[in-house]
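If you want the building blocks of each chain, they are given just below.
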Amino acid sequence: MSASPVTLFTGMRAYTLESGRPVVEAMAVVGGRIVATGEGSALREAFPTHHRIDLGGRTVLPGLTDSHVHFLSYGLSLRRIDLAETRSLRDAVERVRQAAASAPEGSWVLGRGWDKNLWPEGRWPTRDDLDPISGAHLVALTSKDGHLLWVNSAVLREAGIDPATPDPKGGEIVREASGRLTGVLKEEAKAAVHAVMARPDSRGMRLAVAEATAAAHRMGLVGVHDMEGPDAFAVFQTLYLEGALRVRVWMTIPAAHLDRAAAVGLRTGLGDDWLRVGGVKIFADGTLGSQTASMLEPFRGEPANIGLPIHTPEELYDLVGRGVQSGLWPVIHAIGDRANREVLDAFTLHRVAARQAGVRFRIEHVQLLHPSDLPRLAALGVIASMQPIHCTSDRDIADRYWGARSRTAYAWRSLLRMGTVLAFGSDAPVETLDPWQGLYAAVARRRPDDPREAWYPDQALTVEEAIRAYTVGAAVASGEEEVKGRLLPGHLADFIVLDRDVLHEPPEALLQTQVLATVI
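Quick summary incoming for the structure in this document. Worth saying up front: this structure is predicted, and the values here are computed from it rather than measured.

1. Here's the deal with the nonpolar core
Here comes step 1: Ranked by internal contacts, the top residues of the largest apolar core, which has 103 residues, are Trp402, Phe424 and Trp436.
Here comes step 2: A per-element tally of this core places helix 7 (residues 202-219) first, with seven residues.
Here comes step 3: Apart from residues lying up to four places away in sequence, Phe424 is in contact with Thr65, Asp66, Ser67, Met386, Pro388, Trp412, Ala442, Leu461, Ala466, Ala469 and Tyr470.

Shown next, in the form of structure tokens:
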């Protein structure tokens, strides 16, 4: 018996996600670690001196982890113009007008979430829509997928972008046929604006993370794999040093910083149970929503458009090799079937070196795979880091732009059947942070308000399989499966208490589930 204080949680139906003992009614915790599970009477006898918390017969699951999120950006988005629910270009412009009217003269007006695919106007937005209502303000509006920026003329001037400015590598400054700038910037073209954009101060970023953390706790999230850059990493480190970090973070490093990170000896896994260095985040292509995903065949209705690859195959091979050599796991964004194939090709060429170095491969999103590439993820040990909510949000535009190719889009069942590890997340603020909506999307493959049948229902998961992707799969994706993702002795005592047994109710119950407590 341990001499340290013991907390004994009893009166619960806890799903351990361990096949040998799938359900337990009690759990002993010492120093934040589970030391024993089993029957309440047996643990009370084993630990006679304890502090007891009775959970009244409620359902308990391992705490959920979001395996792909922009956590600081999500917190900041809570204070920006929300354009996600706008159903017309006119509606979006009106929201910007209202925000600009109340903002200090000449200040930045920022927003995010617009999706031109939902607007009846049937065209891209332009600076001409913003200039008449923005005055001297600098207006920059990020698209829902985060890969486009819609700005007014004042921002173009501030960023030094004019008709003579060349397109950057991996990006496009959108122009009319005459060469006049439209005010839409794709992919890497956004960087010129980001370089001059007003940045929140340290206090503002700390508040944003605090708000994001509170929201995460309410939803049952105990950890995140953050896909941002130095600003977010700095905030997490400050909070960690102050003992104020309240969510477990696996922090990726942008590819632009790979060489500097390697030079100072950063490696995936450095850190502790609260804050660890993650992998190196690499972009292979754009997105479906902006029609910049890299495709083997053109988008339907756009015979000249096969997307916008960010790197050549040779560059991808080099980036993956440098990551493997430095001990930083390659974590690669790939949406289109060509992008996914080229990433798999790069992984294939480095698989032996990666195995020897203990490096794991991840693909983020894995939205569309050519049927012949489906088995390759399991064969190479590639973790499929996917966001179920994208499937139901993108259903209509996937049908529009990919057509019959969508049969192997968001192919969770096929990948799982072949032995691929699934790790689920949200991509917030691109989508909702709420994992319960993600779980429902994985199981139902339809939106709650959509009267249509499930979309390719043969790719749906069971509730337990989806929960495993938010727990066990997430732990594997960060190399922490020995301490996270299940309720076992030796694991962290991260768990959630629910108002219902979601494993024995219809999928619709996921949407009504209340998290009564999040324990970290």
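That shown, we press on.
2. Some thoughts on unusual backbone geometry
Here comes step 1: The omega angle of the peptide bond from Ala428 to Pro429 is 5°, so this bond is cis rather than trans.
Here comes step 2: Positioned with a positive phi, Leu17 is a non-glycine residue whose angle comes to about 65°.
Here comes step 3: Taking relative accessible area as the criterion, Leu17 reaches 6% and is therefore assigned buried.
Here comes step 4: Even without a glycine there, the phi angle at Arg445 is positive, about 50°.
Here comes step 5: Tracing the backbone through its elements, the reader meets Arg445 in the loop between helix 15 (435-444) and helix 16 (463-470).
Here comes step 6: Given the relative accessible area of 0%, Arg445 is considered buried.

3. Thoughts on the pairing of strand 13 (residues 221-226)
Here comes step 1: Within strand 13, six of the six residues are buried, which leaves it mostly tucked inside the rest of the structure.
Here comes step 2: Pairing of strand 6 (residues 64-69) with strand 13 involves four bridges; the strand directions are parallel. Residue pairing in the sheet places Val69 in a bridge with Asp226 of strand 13.
Here comes step 3: Strand direction decides the pairing type here: strand 13 and strand 14 (residues 248-254), joined by four bridges, are parallel. When the bridges of strand 14 are listed, His225 appears paired with Trp250.

4. What about the sheet that holds strand 14?
Here comes step 1: Read across the open sheet, the eight strands follow the order 6-13-14-15-16-17-18-19; overall the sheet is parallel. Pairing within the sheet leaves two strands with one partner each, and these edge strands are strand 6 and strand 19 (422-424). Strand-to-strand twist across the sheet, computed as the mean angle between neighbouring axes with direction ignored, equals 25°.
Here comes step 2: Judged from the three bridges that link them, strand 18 (residues 382-386) and strand 19 form a sheet pairing that is parallel. For Ala384, the partnering residue across the bridge sits in strand 19 and is Leu422.

5. Examining the pattern of salt bridges
Opposite charge on two side chains lets them pair, provided their charged atoms get close.
Here comes step 1: Considering all chains together, one arrives at 35 salt bridges under this definition.
Here comes step 2: The shortest N-O distance in the salt bridge between Asp259 and Arg322 comes to 3.0 Å. With Asp259 in helix 9 (residues 258-263) and Arg322 in helix 10 (residues 313-326), the pair connects residues that are 63 residues apart, well separated along the chain.
Here comes step 3: The class for Asp259 is partly exposed, based on a relative accessible area of 48%.
Here comes step 4: A relative accessible area of 26% means that Arg322 is categorised as partly exposed.
Here comes step 5: Here Arg376 ties to Asp373 by a salt bridge, and the two come within 3.2 Å at their closest N and O atoms.
Here comes step 6: Members of the salt-bridge network, linked through shared partners, are Arg33, Asp273, Arg276, Glu480 and Lys484.

6. Some thoughts on the packing of helix 3 (residues 89-101) against helix 4 (residues 127-134)
Here comes step 1: Packing of helix 3 against helix 4 brings their axes to within 9 Å, and their N-to-C directions diverge by 30°. When the interaxial angle is binned, helix 3 and helix 4 end up roughly parallel. Considering how the two elements wind past one another, helix 3 and helix 4 form a crossing that is right-handed. Touching Leu89, Val93, Val96, Arg97 and Ala100 of helix 3 are Asp129, Leu130 and Ile133, all from helix 4.
Here comes step 2: Looking at the contact of helix 3 with helix 4 residue by residue, the classes come out as six nonpolar, no polar and two charged.

7. With respect to the environment of Gly179
Here comes step 1: Relative to the assigned elements, Gly179 resides in the loop between strand 11 (171-175) and strand 12 (181-187).
Here comes step 2: Accessibility expressed as a relative area gives 22% for Gly179, which makes it partly exposed.
Here comes step 3: Along the chain, Gly179 and Ser202 lie 23 residues apart, while their C-alpha atoms are 40 Å from each other.

8. A look at the sheet that holds strand 8 (residues 108-114)
Here comes step 1: In space, the six strands of this open sheet follow the order 7-8-9-10-12-11, with mixed pairing throughout. Each edge of the open sheet carries a strand with a single partner, namely strand 7 (81-82) and strand 11.

Criteria and cut-off values
- Residues numbered from 1 in each chain as written.
- Predicted model: local features only at pLDDT ≥ 70, side-chain atom pairs only at ≥ 80, totals over all residues.
- Heavy atoms only, no water.
- Core = buried A, V, L, I, M, F, W, Y, C linked by side-chain atoms within 4.5 Å.
- Buried < 20%, exposed > 50% of the residue type's maximum accessible area, 1.4 Å probe, protein only.
- Helix = DSSP H or I, 4+ residues; strand = E, 2+ residues; numbered from the N terminus.
- Contact = heavy atoms within 4.5 Å.
- Pairing = 2+ DSSP bridges.
- Axes fitted to C-alpha atoms, helices over the stretch in contact; angles between N-to-C directions.
- Salt bridge = Lys/Arg side-chain N within 4 Å of Asp/Glu carboxyl O.
- Parallel < 35°, antiparallel > 145°, perpendicular 65-115°, else oblique.
- Left-handed = near helix turned anticlockwise from the far one by under 90°.
- Nonpolar A, V, L, I, M, F, W, Y, C, P; charged D, E, K, R; others polar.

Any link to function would need more than the numbers given here.
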